[in-house]
Amino acid sequence: MTQIDWSPLRDAMTRSRAAQIAVPVWWRDDDAIAPTPALDHLTTLAGSIGIPVHLAVIPQQATPALATYCAEAPLIPVVHGWAHVDHSQPDEKKNEFMSPRPNAQAETARAFARMTDLFAGQLRPMFVPPWNRVHGDVVSALGAQGYTAISTFGPRAQTLAAVGVEQINTHIDPIWWKKTRDLVPAQTLIEQAAQLIEERCDGRADATEPFGFLTHHLVHTPAIWAFAHDFLTEMLSGGAIPWTMENTS
């Protein structure tokens, strides 16, 4: 087994502590529909680490059993598109809400209503577009529909995506989607995370944005599960503070 060198991340976290730059860390996991053994694994892992998971639930397919499950677990439901259906054109990347179509805004409103019915007070009004892609016209309508946040991938360019809608992105995705669909080389992920934290210390990135770890529990391999545990444990050991959407107002 390849030895993992955590020193780049540890050094970056040491620097952030010395500069008194807090690193709020949060966990988002996508594509939930119903309770599964993989969701059990996610729940157990979150409990052992001590950080809850913002569970991005597909509204059209979500089951009442999932709502019951979330009420008894360290899981915070958020809205993951509507049906997680690809509406891209042949020359476009996969997306549900990037390619213009007349009923897109109606679907985000329907998604919020469906999730509110299922999860009630458990729900946090965050919109997570499938494939992390969304058209500006869709974003502009979210605030009036009841959403207060949107989450995609990569450091945010601005705090607000639209009036009343905060951008709260994820930054590290351990799955090598374009190749093995197993774990991205761990050293690569560690160096990516360290660089992102260094950029916050240098003032080149928004240091107030929660630092997001993105997973997809339904397709995890043992290596991905192991890295999730080790990475989040390292972050917390280095001084990162668990963040949940309850911290916003």
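Our subject is the structure listed above.
No experiment lies behind these values; they were computed from the predicted model shown.

Draft legend 1. Fine view of the overall build of the chain. Looking only at helices and strands, one finds seven helices and nine strands in the chain. Relative to its length of 249 residues, the chain is compact, with a C-alpha radius of gyration of 18 Å against a globular reference of 18 Å. Dimensions of the chain, computed from the C-alpha atoms along their principal axes, are close to 50 × 40 × 40 Å. Within the chain, counting contacts between residues at least 6 apart in sequence, those at least 24 apart form 66% of the total. As displayed, the chain offers around 11,100 Å² of accessible surface, 54% of which is attributable to carbon and sulfur atoms. Separation of charge centres in the chain, based on 17 positive and 26 negative side chains, amounts to 3 Å.

Draft legend 2. Quick peek at the nonpolar core. By size, the foremost hydrophobic cluster in this structure holds 65 residues, and its most contacted members are Trp27, Phe211, Phe231 and Met235. In terms of nonpolar packing, the next biggest core, distinct from the first, is built from nine residues, Ala56, Met126, Val128 and Ile168 among them.

Draft legend 3. Broad picture of the side chain of His80. When you line up the elements, His80 lands in the loop between strand 3 (75-79) and helix 4 (104-119). Overall, the relative accessible area of 1% leaves His80 in the buried class. Within the structure, His80 has its side chain in polar contact with the backbone oxygen of Val128 (distance 2.9 Å). Contacts of His80, omitting those with residues within four sequence positions, involve Asp30, Asp31, Ala56, Val57, Ile58, Pro59, Val128, Pro129 and Pro130.

Draft legend 4. The arrangement of unusual backbone geometry in detail. Backbone geometry at Ala120 places phi at a positive 50 degrees, although glycine is not the residue there. Phi at Trp131 takes a positive value of approximately 60 degrees, unusual for a residue other than glycine. By the secondary structure assignment, Trp131 is in the loop between strand 4 (126-127) and helix 5 (136-145). Owing to a relative accessible area of 28%, Trp131 belongs among the partly exposed residues under this scheme.

Draft legend 5. Focus on the pattern of salt bridges. If you walk through the whole model with that rule in mind, you get nine salt bridges. In this structure, the salt-bridge partner of Asp30 is Arg28, at a minimum N-O distance of 2.7 Å. Per residue, the accessibility class of Asp30 equals that of Arg28, and both read buried. In this structure, Arg101 and Glu107 form a salt bridge, with 2.8 Å as the shortest nitrogen-oxygen distance. Residue Arg101 is classed as buried on the basis of its relative accessible area of 17%.

Draft legend 6. How the structure looks around the packing of aromatic side chains. In total, this model carries nine aromatic pairs according to the counting rule given. With a centroid separation of 5.0 Å and 70 degrees between ring planes, the pair formed by Phe112 and Tyr147 is classed as edge-to-face. Of this pair, Phe112 sits in helix 4 while Tyr147 sits in the loop between helix 5 and strand 5 (149-150), and the two are 35 residues apart along the sequence. Of the residues examined, Phe112 reaches a relative accessible area of 18% and is grouped as buried. Look at Tyr147 and you get buried, because its relative accessible area is 1%. A centroid spacing of 6.5 Å and a plane angle of 40 degrees characterise the contact between Phe213 and Phe227, whose relative ring orientation is tilted. Taken together, the positions of Phe213 in strand 8 (residues 211-215) and Phe227 in helix 7 (residues 222-237) put the pair 14 residues apart, joining distant regions of the chain. Through a chain of ring-to-ring contacts, three or more aromatic side chains come together here, namely Trp6, Trp27, Phe213, Phe227 and Phe231. Positioned above the aromatic ring of Phe97 is the side chain of Arg101, whose terminal nitrogen or guanidinium carbon lies 5.1 Å from the ring centre.

Conventions we followed
- Residues numbered from 1 in each chain as written.
- Predicted model: local features only at pLDDT ≥ 70, side-chain atom pairs only at ≥ 80, totals over all residues.
- Heavy atoms only, no water.
- Helix = DSSP H or I, 4+ residues; strand = E, 2+ residues; numbered from the N terminus.
- Rg over C-alpha atoms; globule rule 2.2 N^0.38 Å.
- Contact = heavy atoms within 4.5 Å.
- Areas by Shrake-Rupley, 256 points an atom, 1.4 Å probe, with all protein chains shown as cover.
- Lys, Arg positive; Asp, Glu negative; His and termini not counted.
- Charge placed at Lys NZ, Arg CZ, Asp CG, Glu CD.
- Core = buried A, V, L, I, M, F, W, Y, C linked by side-chain atoms within 4.5 Å.
- Buried < 20%, exposed > 50% of the residue type's maximum accessible area, 1.4 Å probe, protein only.
- Polar contact = N/O pair within 3.5 Å; in protein donor to acceptor, adjacent residues only side chain to side chain.
- Salt bridge = Lys/Arg side-chain N within 4 Å of Asp/Glu carboxyl O.
- Phe/Tyr/Trp six-rings, centres within 6.5 Å; stacked < 30°, edge-to-face > 60°.
- Lys NZ or Arg CZ within 6 Å of the ring centre and 35° of its normal.

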